[in-house]
Every structure is written in C-alpha cells, then in structure tokens.
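Tertiary structure, described
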Amino acid sequence: QVQLVESGGGLVQPGGSLRLSCAASGSIFSNNAMGWFRQGPGKERELVATISISGSTNYVYSVKGRFTISRDNAKNTVYLQMNSLKPEDTAVYYCNAARPEVAGTARSWGQGTQVTVSS
C-alpha cells in the first residue's frame, strides 16, 4: 500500500522561506527517485524538483538556486527547502515518485500542502 503525506506549507511574505516534508512508504522511497510537484490555481501540475536513490538532484529552471530537495533514508522522508519565495510559487505542493506512471504510483497522490506567498 502506497502512502504519501505532505506537511509544512503555510503563508509567507515574498522573500520568505518554508521547509516542506513528505513521509513516504518504504516501498516507494527505497525503489524510486522522488519528486516534488506543485499545482497553482488554474494551472496543471508541474514537476519542480527530483532526487535520485543515490542523492543526485534536478530542478526546474524557475526554482534553481532557491529550492533544495533532500532525502533522509532512515526516516523515509523527502524535504523541500524553499528560500526567496515569490508569489508565483503559490500552489499546492505534492510529493510522489519522480515518474509516477513508471513507479506505479500514479493513483497514490496525497492531499498536498498549501504554500501561499503574498504580502
């Protein structure tokens, strides 16, 4: 059974920071690269950051230099440190395998966590 639980979102002013957490089941975490996705109002969900089993990372251009993805293997947890936040970052953030269809987790999305950046 696949389980994904996101937390850590909130309301921050532009330039502020948040740290998101994703608790994942061991079956997902130990066998797949993980990713953070976001979906803003009226927009499609987009992949913003990934981290491989070995720890290599990739980011969408718009968040490079501002966001950092990491993973704690002992806790089956993935994190997203978000700095220098902009209003355009406002969205519901989700975690999942970096490639859900390949991993077999395309129907296992959690509730997500809301991030709102506003003055």
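Everything discussed here concerns the structure shown above.
First, a word on scope: everything that follows refers to the structure included in this document. (Residues numbered from 1 in each chain as written. Predicted model: local features only at pLDDT ≥ 70, side-chain atom pairs only at ≥ 80, totals over all residues. Heavy atoms only, no water.)

The phi dihedral of N76 is positive, around 50°, even though this residue is not glycine. If you trace the backbone, N76 turns up in the loop between β7 (67-72) and β8 (77-82). Owing to a relative accessible area of 24%, N76 belongs among the partly exposed residues under this scheme. The phi torsion at S84 lies on the positive side, around 50°, for a residue other than glycine. Assessed through its relative accessible area of 40%, S84 is described here as partly exposed. (Helix = DSSP H or I, 4+ residues; strand = E, 2+ residues; numbered from the N terminus. Buried < 20%, exposed > 50% of the residue type's maximum accessible area, 1.4 Å probe, protein only.)

Before going further, it helps to spend a moment on the environment of S7. With respect to the secondary-structure elements, S7 resides in strand β1 (residues 4-7). When residues no more than four places from it in sequence are discounted, the contact partners of S7 are R19, L20, S21 and T113. (Contact = heavy atoms within 4.5 Å.)

So, on to the sheet that holds strand β9 (residues 91-97). With respect to topology, six strands assemble into an open sheet ordered β2-β10-β9-β4-β5-β6, the strand pairing being mixed. Each having just a single partner strand, β2 (10-12) and β6 (57-59) make up the two edges of the open sheet. Along the sheet, successive strands turn relative to each other by an average axial angle of 25°, direction set aside. (Pairing = 2+ DSSP bridges. Axes fitted to C-alpha atoms, helices over the stretch in contact; angles between N-to-C directions.)

Next up on the list: the pairing of β7. The alternating pattern of β7 places F67, I69 and R71 on a buried face, while none of T68, S70 and D72, on the opposite face, is buried. Bridge count between β7 and β8: six bridges; the pairing is antiparallel. Among the inter-strand pairings, I69 is bridged to a residue of β8, identified as L80.

These figures capture arrangement, not role.
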